[in-house]
Amino acid sequence: MLRPLGDRIVIELIEAEEKTASGIVLPDSAKEKPQEGKVVAVGTGRVLENGTRVELDVNEGDRIIFSKYSGTEVKYENTEYLILRESDVLAVIG
Amino acid sequence: MLRPLGDRIVIELIEAEEKTASGIVLPDSAKEKPQEGKVVAVGTGRVLENGTRVELDVNEGDRIIFSKYSGTEVKYENTEYLILRESDVLAVIG
Amino acid sequence: MLRPLGDRIVIELIEAEEKTASGIVLPDSAKEKPQEGKVVAVGTGRVLENGTRVELDVNEGDRIIFSKYSGTEVKYENTEYLILRESDVLAVIG
Amino acid sequence: MLRPLGDRIVIELIEAEEKTASGIVLPDSAKEKPQEGKVVAVGTGRVLENGTRVELDVNEGDRIIFSKYSGTEVKYENTEYLILRESDVLAVIG
Amino acid sequence: MLRPLGDRIVIELIEAEEKTASGIVLPDSAKEKPQEGKVVAVGTGRVLENGTRVELDVNEGDRIIFSKYSGTEVKYENTEYLILRESDVLAVIG
Amino acid sequence: MLRPLGDRIVIELIEAEEKTASGIVLPDSAKEKPQEGKVVAVGTGRVLENGTRVELDVNEGDRIIFSKYSGTEVKYENTEYLILRESDVLAVIG
Amino acid sequence: MLRPLGDRIVIELIEAEEKTASGIVLPDSAKEKPQEGKVVAVGTGRVLENGTRVELDVNEGDRIIFSKYSGTEVKYENTEYLILRESDVLAVIG
């Protein structure tokens, strides 16, 4: 299990459709970088200057849209994850 | 539904007129980037260092003017949206 | 009507004289960018980290001098406005 | 009258001597940029994050030395002024 | 012993496998920079503006994933360590 | 007299020896920029966000070492001074 | 004596071994920049926004490891020192 720190979250990417409208399967480099993910773990939140902690606004299981190219890819037990800061999350879907 | 986080809002663009004064229909690249949108969802506001949350000054349904080139375009259920921070909103129209 | 947010203001430009000392009318590109404007709307002020709001120091109707090249031009109902932050206002005239 | 905002001040420049040691009158471009001015108006001070205002340390009539190239030149009723932030003031003379 | 200051931690790197899938031993330059480490010492935490100290979220003995290229390599008693800030730690494993 | 503002101080430079070990007098360009000065005036200190003022840690008469190339040179009544911020002072001598 | 200000410390460098494993004495340019020092003086600490001072975590006599290329070299009474900020100290040894 990956336990993210502070205001970080761990997500699994939700891949965009791999075929074009005309049904052609795209090579990896021609696909748009996915911007959608499913939250698999959330941190305990950042600490304010008055010492209290702000809980995250996203929860485990949420589907989210995030800023392209943000976060860090990590591989853990043969699965690829992306670790983001909550501020990289644009919106929750649902 | 898209639920924006913190001080973010989701808007739909309001396209500028697609004809010039002389009635010529412009190709997409020749049109000015629209700066006007309609708010479809607002976040719960940013958290101050004292732990309180500041509600947004814009509301669902508001027509707004925003800074050119700000925000992130996202496509959700075949509709294009723009996700902005409230600080990218210049003024509310009305 | 345009309602600016936070510490923003909406101004109308006050054009500089369009003739040189010798009476020659200048083409637009040769004129100095105006630095003077009349305030037509003010925001409700920025929110401090303790949660209180700071009212603006400029009021509707004020004539102001502002930093060159600051702000964003917007067109609304066929009138050109400039939306500035209060911090771009150098001084009030009068 | 010019009323500067916040921590800004309005000054009139005090020109450096326009002759060299050998008595030659210098053309404008060869003169050193003056760094000395007389304060003609001061703002009401900046607002701290706790909501109180900090009065300026310089007063109308003070002669000051300021950082070269700081501030914005404005012309008002045929007089040239410089609008500075208090933080651009290095020292008060006298 | 190394005692890190503030929000710093000392880690030992956990090397990635040195063979490729086909069993070929890789030269150093061809290996991916490891992103995994074991915490051997933690600082006492950073001091907030209200004077209190925030204890670290990672503990001695934790296995962590950290941002590539972050931290400073130091050699102490013939062992190589990496000194990171807690903010460079992406997640704790386990 | 020069009265520096806030956390600024006015110093007179203490020139490094102008001869090399072998007694050769160096031209100006070959000398090291001096890093030592004598404090001739200090400001009243910077204002914290809670409104209180922090008195300076250096006093009139102190000999100090400061960061190379920091500060602004000013000439006043035919004497050259350097105006620094207290944060440019590395250490007090003595 | 050098009295460092605020969160600064004065250290003496502890030179790395000047011979290679094979006993060859290295010229200065081929040696690694030392990262180890002994603290000879510490400042009184930085002032927080609430006006209190944070004492340093390092003490006179401590042996420390610091970030390469940080700090400022000063020569005082024919000894070379390095003046660092506490934040440049990575760890205390011992």
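So, how was this worked out
Residues numbered from 1 in each chain as written. Chains lettered and ligands numbered in written order. Predicted model: local features only at pLDDT ≥ 70, side-chain atom pairs only at ≥ 80, totals over all residues. Heavy atoms only, no water. Contact = heavy atoms within 4.5 Å. Buried area = accessible area lost by both parts, 1.4 Å probe. Salt bridge = Lys/Arg side-chain N within 4 Å of Asp/Glu carboxyl O. Polar contact = N/O pair within 3.5 Å; in protein donor to acceptor, adjacent residues only side chain to side chain. Helix = DSSP H or I, 4+ residues; strand = E, 2+ residues; numbered from the N terminus. Pairing = 2+ DSSP bridges. Axes fitted to C-alpha atoms, helices over the stretch in contact; angles between N-to-C directions. Least-squares fit on C-alpha atoms with pLDDT ≥ 70 in both.

J.: What should I look at first to understand the interface of chain D and chain C in this one?
T.: Accessible area lost upon the coming together of the parts is a frequently used measure of interface size. On the chain C side, the residues contacting the 20 residues of chain D number 18 residues. Between chain D and chain C, the buried area comes to about 1,500 Å², and carbon and sulfur atoms account for 52% of it. By the criterion of area lost to chain C, the three top residues of chain D are Arg3(D), Leu5(D) and Glu49(D), representing 38% of everything that side buries. Inspection of the chain D/chain C interface yields 2 salt bridges. The residue Arg53(D) makes a salt bridge to Asp57(C) at a minimum N-O spacing of 3.6 Å.

J.: What exactly am I supposed to notice about the interface of chain E and chain A here?
T.: With 18 residues of chain E in contact, the opposing surface of chain A contributes 20 residues. A buried area of about 1,500 Å², summed over both sides, lies between chain E and chain A, and 52% of it is on carbon and sulfur atoms. The largest share of the area that chain E buries against chain A comes from Asp57(E), Leu90(E) and Val92(E), three residues that together contribute 35% of it. Across the contact surface, chain E and chain A share 2 salt bridges. The interface formed by chain E and chain A contains 9 residue pairs in polar contact (both at pLDDT 80 or more). For the side of chain E that touches chain A, the leading source of residues is strand S9 (residues 89-93) of chain E, giving 5 residues.

J.: Mind showing me how you'd approach the sheet that holds strand S9 (residues 89-93) of chain B here?
T.: Each strand in a sheet pairs with its neighbour through backbone hydrogen bonds, running either in the same direction (parallel) or in the opposite one (antiparallel). The strand order across the open sheet formed by 7 strands is S7(B)-S8(B)-S2(B)-S3(B)-S6(B)-S9(B)-S1(C), and the pairing between neighbours is antiparallel. Two strands bound the open sheet, and with one partner strand each, they are strand S7 (72-76) of chain B together with strand S1 (2-4) of chain C. Taking the axes of each pair of neighbouring strands and ignoring which way they run, one obtains an average angle of 40° across the sheet.

J.: What's the story with the relation of the copies chain E and chain A in this structure? I'm lost.
T.: These two copies of the chain differ by a rotation about an axis and a displacement along the same axis. By a simple turn and slide, chain E fits onto chain A: the slide is 0.0 Å along the axis, the RMSD is 0.0 Å, and the turn is 51°. Here only 17% of the interface residues in chain E have copies in chain A that are interface residues too; the copies meet through unlike faces.

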